[in-house]
Amino acid sequence: MIVAFSISPANGDESGSVGAAVAEAVRVVRASGLPNETNAMFTNIEGEWDEVMAVVKQAVDVVAAVSPRVSLVLKADIRPGYTGQLTAKVERIEQALSD
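Rules of the game
- Residues numbered from 1 in each chain as written.
- Predicted model: local features only at pLDDT ≥ 70, side-chain atom pairs only at ≥ 80, totals over all residues.
- Heavy atoms only, no water.
- UniProt positions renumbered as here; feature names shortened; annotations may be inferred.
- Buried < 20%, exposed > 50% of the residue type's maximum accessible area, 1.4 Å probe, protein only.
- Helix = DSSP H or I, 4+ residues; strand = E, 2+ residues; numbered from the N terminus.
- Pairing = 2+ DSSP bridges.
- Salt bridge = Lys/Arg side-chain N within 4 Å of Asp/Glu carboxyl O.
- Contact = heavy atoms within 4.5 Å.
- Phe/Tyr/Trp six-rings, centres within 6.5 Å; stacked < 30°, edge-to-face > 60°.
- Lys NZ or Arg CZ within 6 Å of the ring centre and 35° of its normal.
- Core = buried A, V, L, I, M, F, W, Y, C linked by side-chain atoms within 4.5 Å.
- Axes fitted to C-alpha atoms, helices over the stretch in contact; angles between N-to-C directions.

- In UniProt, the protein chain has this text filed under Sequence similarities (unreviewed entry): "Belongs to the UPF0045 family."

Remarks on the pairing of strand β1 (residues 2-9)
Moving on, step 1. The element β1 is extensively covered by neighbouring structure, given that six of its eight residues are classed as buried.
Moving on, step 2. Where β1 and strand β3 (residues 43-46) come together, four bridges link them in antiparallel fashion. Counterpart to Phe5 in the pairing with β3 is Thr43.

Quick notes on the pattern of salt bridges
Side-chain pairing between opposite charges can occur once the charged atoms of the two side chains come close.
Moving on, step 1. The final tally for this structure, using the stated rule, is three salt bridges.
Moving on, step 2. Note that Arg27 and Glu24 form a salt bridge whose closest N and O atoms lie 3.2 Å from each other. Of this pair, Arg27 and Glu24 both sit in helix α1 (residues 19-31), three residues apart, roughly one helical turn.
Moving on, step 3. Residue classification places Glu24 among the partly exposed positions, given a relative accessible area of 35%.
Moving on, step 4. The partner of Lys57 in a salt bridge is Asp61, and the shortest N-O contact between them spans 2.9 Å. One end of the pair is Lys57 and the other is Asp61, both in helix α2 (residues 49-64) and four residues apart, which spans about a single turn.
Moving on, step 5. Judged by its relative accessible area of 53%, Lys57 is exposed.
Moving on, step 6. What makes Asp61 partly exposed here is its relative accessible area of 40%.

Here's the deal with the environment of Ile7
Moving on, step 1. Considering the arrangement of structural elements, one finds Ile7 in strand β1.
Moving on, step 2. Since its relative accessible area comes to 7%, Ile7 is described here as buried.
Moving on, step 3. Here the alpha-carbon distance between Ile7 and Leu74, two residues 67 residues apart in the chain, equals 8.8 Å.
Moving on, step 4. If near-sequence neighbours (up to four positions away) are discounted, Ile7 is found in contact with Val22, Ala25, Val56, Ala59, Val60, Val63, Val70, Ser71 and Leu72.

Observations concerning the packing of aromatic side chains
We describe a pair of aromatic rings using the distance from one ring centre to the other and the angle between the two ring planes.
Moving on, step 1. Taken as a whole, this structure holds zero aromatic pairs when the rule is applied.
Moving on, step 2. One residue, Arg79, lies across the ring of Tyr82, its end atom 3.8 Å from the ring centre.

A few points about the nonpolar core
Moving on, step 1. If you look at the biggest cluster of nonpolar residues, it comprises 15 residues, and the most contacted ones within it are Val3, Phe5, Ile7, Ile45, Val52, Val55 and Ala59.
Moving on, step 2. Among the secondary structure elements, those contributing two or more residues to this core are β1, α1 and α2.
Moving on, step 3. The greatest single-element share of this core, amounting to five residues, is contributed by α2.
Moving on, step 4. Look past the residues within four positions of Val3 in its chain and what remains in contact with it is Thr43, Asn44, Ile45, Val52, Met53, Val56, Leu74, Lys75 and Ala76.

Details of the sheet that holds β1
Note on sheets: strands pair through backbone hydrogen bonds, and any given pair is parallel or antiparallel.
Moving on, step 1. Strands sit in the order β2-β3-β1-β4 across an open sheet of four strands; the sheet is antiparallel. Across the chains shown, the open sheet's two edge strands, defined by having one partner strand only, are β2 (36-38) and β4 (70-77). Ignoring which end each strand starts from, the neighbouring axes of this sheet average 15 degrees apart.
Moving on, step 2. Pairing of β2 with β3 involves three bridges; the strand directions are antiparallel. Paired with Thr38 across the bridge in β3 is Thr43.

Dropping the structure here:
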């Protein structure tokens with residue numbers, strides 16, 4: 001499965017930035033060893049249901065450690081029997097664009 005998720009604390013630093021808290025969440029994802037990528041809006045992670053959801057929970061927990069309220073947006077592509085789709089889906093689109 002691939003999960004795209006975004007975590008944000010309810011409050012930012014003195015400038016309103018939430019970057020430091022989000023960086024800690026991304027650090028958790030990268031330390032998981034699961035295939036992942038981060039863009040301006042979401043972090044994508046690929047793996048089995050239990051392992052992906054455990055990483056999402058850990059990421060929420062590190063943000064919750066610095067904020068009394070946390071926002072989580074999550075979208076999942078559940079397709080049993082398929083792996084490597086984090087990059088394969090994009091490659092298929094790029095191929096279709098070049099045809």
